[in-house]
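Results of the structural survey
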Amino acid sequence: MSSHTTTSAQRDAIEALYGVTYIEPGVQRIIEARDHDLYHYELFTGHHRITVQRGDCIYFLDRNLHSAAVVRGPTEVESHHVATLIRGYKPQARHASLLGTTCLPYVNGCSTRQLLPPERPGDPTLQLLYLPPHTHEQSHHIHATVRVVYVLEGEGHCVVGTPGNLAREHLHPGKVVLLEAMCPHHFETEAAPL
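Here is a short report on the structure shown in this document. (Residues numbered from 1 in each chain as written. Predicted model: local features only at pLDDT ≥ 70, side-chain atom pairs only at ≥ 80, totals over all residues. Heavy atoms only, no water.)

Residues L43 and Y59 are the most contacted members of the largest nonpolar core, which totals 21 residues. Elements represented by at least two residues in this core include exactly β3 (40–45), β5 (57–61), β6 (67–72), β8 (82–87), β11 (111–116) and β16 (176–179). Broken down by element, this core gets its largest block of residues, three residues, from β5. When neighbours within four sequence positions are excluded, Y59 is seen to be in contact with A69, V70, V82, A83, T84, I86, Y89, P91, R94, L116, P124 and T125. With 15 residues, the next largest nonpolar core counts L171, V177, C183 and F187 among its residues. (Core = buried A, V, L, I, M, F, W, Y, C linked by side-chain atoms within 4.5 Å. Buried < 20%, exposed > 50% of the residue type's maximum accessible area, 1.4 Å probe, protein only. Helix = DSSP H or I, 4+ residues; strand = E, 2+ residues; numbered from the N terminus. Contact = heavy atoms within 4.5 Å.)

Next up on the list: the sheet that holds strand β10 (residues 104–105). Taken in spatial order, the three strands of this open sheet run β10-β11-β12, and their pairing is antiparallel. Looking at which strands have only one partner, the edges of the open sheet turn out to be β10 and β12 (126–130). Across two bridges, β10 lies against β11 in antiparallel orientation. Directly across from P105, in β11, lies its bridge partner S111. (Pairing = 2+ DSSP bridges.)

On to unusual backbone geometry. Backbone torsion omega between G73 and P74 reads 5°, so that peptide bond is classified as cis. Summarising the element assignment, P74 is placed in the loop between β6 and β7 (75–79). Even without being glycine, L65 reaches a positive phi, approximately 60°. Mapped onto the elements of the fold, L65 is located in the loop between β5 and β6. Here H134, not a glycine, exhibits a phi torsion of approximately 65°, which is positive. Mapped onto the elements of the fold, H134 is located in the loop between β12 and β13 (147–150).

So, about the sheet that holds β6. Ordered in space as β2-β3-β8-β5-β6-β9, the six strands form an open sheet in which the pairing is antiparallel. Strand pairing shows two members of the sheet lacking a second neighbour, β2 (29–32) and β9 (94–97), which therefore form its edges. Between one strand axis and the next, the sheet turns through 10° on average, direction left out of account. Of the strand pairs in this sheet, β5 and β8 are connected by four bridges, and their pairing is antiparallel. Paired with C57 across the bridge in β8 is I86. (Axes fitted to C-alpha atoms, helices over the stretch in contact; angles between N-to-C directions.)

This part takes up the side chain of T189. With respect to the helices and strands, T189 occurs in the segment after β17 (185–188). The buried category is assigned to T189, whose relative accessible area is 14%. Polar side-chain contacts of T189 include one of 2.8 Å to the backbone oxygen of P132. Polar side-chain contacts of T189 include one of 2.9 Å to the backbone nitrogen of H134. Residue contacts for T189: discarding those within four places in its chain leaves L131, P132, P133, H134, T135, E155, G156 and H157. (Polar contact = N/O pair within 3.5 Å; in protein donor to acceptor, adjacent residues only side chain to side chain.)

Shown next as structure tokens:
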């Protein structure tokens, strides 16, 4: 497969081969963790009323996309965009603003801000990543755990695969990307200059 915008059949093949799922804004969906994932999670996209049991937690964005939060169960949360319920994990309740700027710059002009830092190294976290025009996040890479991406604003692409078998998926506000552990990927705003 080439590195152009993928067709539906190519997207299905890439999803199966590398473990990536793309969900359009507003689409109601629930995706459960795979058996081999480190944490048992459920990803909710679109509008859901979610019951969080005692001993579990949920990461979610507020309705107006002004803040993010993690709260412990027992509780009930109304999610309008994206939420990740994690079973058997209960960090302290915290909120963070999605407004403002990022503060940790990368050499290529990208930057990030840790919104909800992990309780312990390796625990779940929530970060805000900014990619300026005509750049890419970093070199193609993988993570040992699942990543859930919500496009807050702007447009760009998610590039997934290995050399000779890359697919570029268009990203726009409200789109959700689920990257399974070990999925080779990077993000870019426009084709990076040569």
